[in-house]
Amino acid sequence: MIEFLLAFFKKHGIRAWRDEIGNVYAEKGEVGAYQKYPLVVAHTDTVHLIHGKKIIPKKLLLPNYAGELKPALKGFDENDNPVGIGADCKVGVALCLILMLRLPVLKCFLPTEEEIGARGASKVDVSFLQNVGYAIEFDSPANTSSITLGNKLMFNPEDENGLGKIWTGLLLEFSENRETEFTLEQHSYTDIVKLRPHFSCINVPVGYYLYHTTDEYLVEEEAFMALDLGEELIKRAGYRYYNDEPHPRVNRLIIQFNLNTMEITGEL
Ligand SMILES: [Zn+2]
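Nothing here was measured: the structure is a model prediction, and the numbers come from that model.

Criteria and cut-off values
Residues numbered from 1 in each chain as written. Predicted model: local features only at pLDDT ≥ 70, side-chain atom pairs only at ≥ 80, totals over all residues. Buried ≥ 20, exposed ≤ 12 C-beta atoms within 10 Å, placed from the backbone. Helix = DSSP H or I, 4+ residues; strand = E, 2+ residues; numbered from the N terminus. Pairing = 2+ DSSP bridges. Axes fitted to C-alpha atoms, helices over the stretch in contact; angles between N-to-C directions. Contact = placed C-beta atoms within 7 Å.

**Student:** Would you take a moment to explain the pairing of strand 2 (residues 24-28) for this structure?
**Tutor:** Across a regular strand the side chains alternate sides, sitting on one face of the sheet and then on the other. Summarising burial for strand 2: four of the five residues are buried, a large majority. Hairpin geometry of strand 1 (residues 15-18) and strand 2 is characterised by an intervening segment of five residues between the two adjacent antiparallel strands and by a positive phi of about 110 degrees at Gly22. With five bridges joining them, strand 2 and strand 6 (residues 106-110) adopt antiparallel strand pairing. By the bridge assignment for strand 6, Val24 is matched with Leu110.

Dropping the structure here:
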């Protein structure tokens with residue numbers, strides 16, 4: 001995987017390297033003297049056993065967050081036993097690669113060993129983060145976005161100058177325009193929990209379900225929506241630094257967001 005990533009970046013003329021434990025770093029373009037890079041993040045490891053080339057992806061109709069059947073990918077072995085598709089977080093890695101190709105100025109961090117306590121991210125080369133303005137990880141299950149990870153607030157929708165304001169505004173806009181819904185949730189951890197002390201972070205919903213089980217699957221349209229969300233967020237947040245203010249009551253932020261979503265979808 002690490003060799004594949006380094007070869008991919010090389011082929012596309014993007015500066016990339018790895019550290020001792022296997023975290024992959026990449027950067028493209030230059031920022032101005034007073035600007036900062038957006039950073040996209042996804043971990044390269046998965047919890048499933050390594051099956052070599054024997055994971056056979058199948059397209060099936062499986063339920064999304066609302067129980068509606070949607071085209072989804074699920075992984076099987078040769079005997080038709082479900083083995084997990086590795087969407088957590090290979091779909092995130094794929095989205096990072098697409099964005100690295102599409103956008104002119106961007107940094108990318110692909111840590112290893114997330115599933116055993118974000119160990120890779122905890123050993124991030126801090127000098128790589130110095131000219132970064134904020135991080136976007138593509139590793140939030142189903143239609144959720146992690147507002148806290150390990151009780152740390154990733155973003156604050158009520159900070160007028162914060163990244164949370166832009167992000168939740170974008171989620172509400174997508175809810176309306178694409179007739180979907182998102183929720184903010186408190187999750188245990190993923191890589192950005194280790195980056196949050198440096199700047200504000202967002203965990204984008206990428207549409208994988210039943211993660212960490214052999215029945216894991218990925219709803220295709222939600223993975224494509226994650227790409228649109230990430231790209232639009234970078235467009236709006238730009239090449240700036242964000243460090244959202246703390247908030248004493250995270251539950252209130254979550255309830256507030258949910259009320260807005262319900263108003264828009266008319267289900268109140
Ligand atoms: Zn993950």
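**Student:** Quick question: what am I supposed to make of the sheet that holds strand 7 (residues 132-140) here?
**Tutor:** By way of backbone hydrogen bonds, the strands of a sheet pair with one another, either parallel or antiparallel. Taken in spatial order, the six strands line up as 1-2-6-3-7-11 in an open sheet, and their pairing is mixed. Where the open sheet ends on each side, the last strands, each with one partner, are strand 1 and strand 11 (201-205). Taken pair by pair, the neighbouring strands of this sheet meet at an average axis angle of 20 degrees, ignoring direction. Relative to the sheet, helix 2 (residues 87-102) contacts strand 2, strand 3 (37-41), strand 6 and strand 7, its axis offset from that of strand 7 by approximately 140 degrees. The sheet strands contacting helix 6 (residues 220-237) are strand 3, strand 7 and strand 11, and the helix crosses strand 11 at an angle near 150 degrees.

**Student:** Hey, could you run me through unusual backbone geometry in this one?
**Tutor:** Peptide bonds are trans in most cases, and residues, glycine excluded, mostly fall at negative phi. The residue after Asp88, namely Cys89, is reached through a cis peptide bond having omega 15 degrees. Structurally, the position occupied by Cys89 is in helix 2. Unusually for a residue other than glycine, Asp80 sits at a positive phi of about 70 degrees. Relative to the helices and strands, Asp80 resides in the loop between strand 5 (69-76) and helix 2.

**Student:** Teacher, can you tell me more about the sheet that holds strand 8 (residues 144-149) here?
**Tutor:** In spatial order, the strands read 9-8-10; together these three strands make up an open sheet with mixed pairing. Bordering the open sheet on either side are strand 9 (152-153) and strand 10 (183-187), each of which pairs with just one other strand. Bridge analysis of strand 8 against strand 10 gives five bridges, and the strand direction is parallel. By the bridge assignment for strand 10, Ser146 is matched with Glu185.

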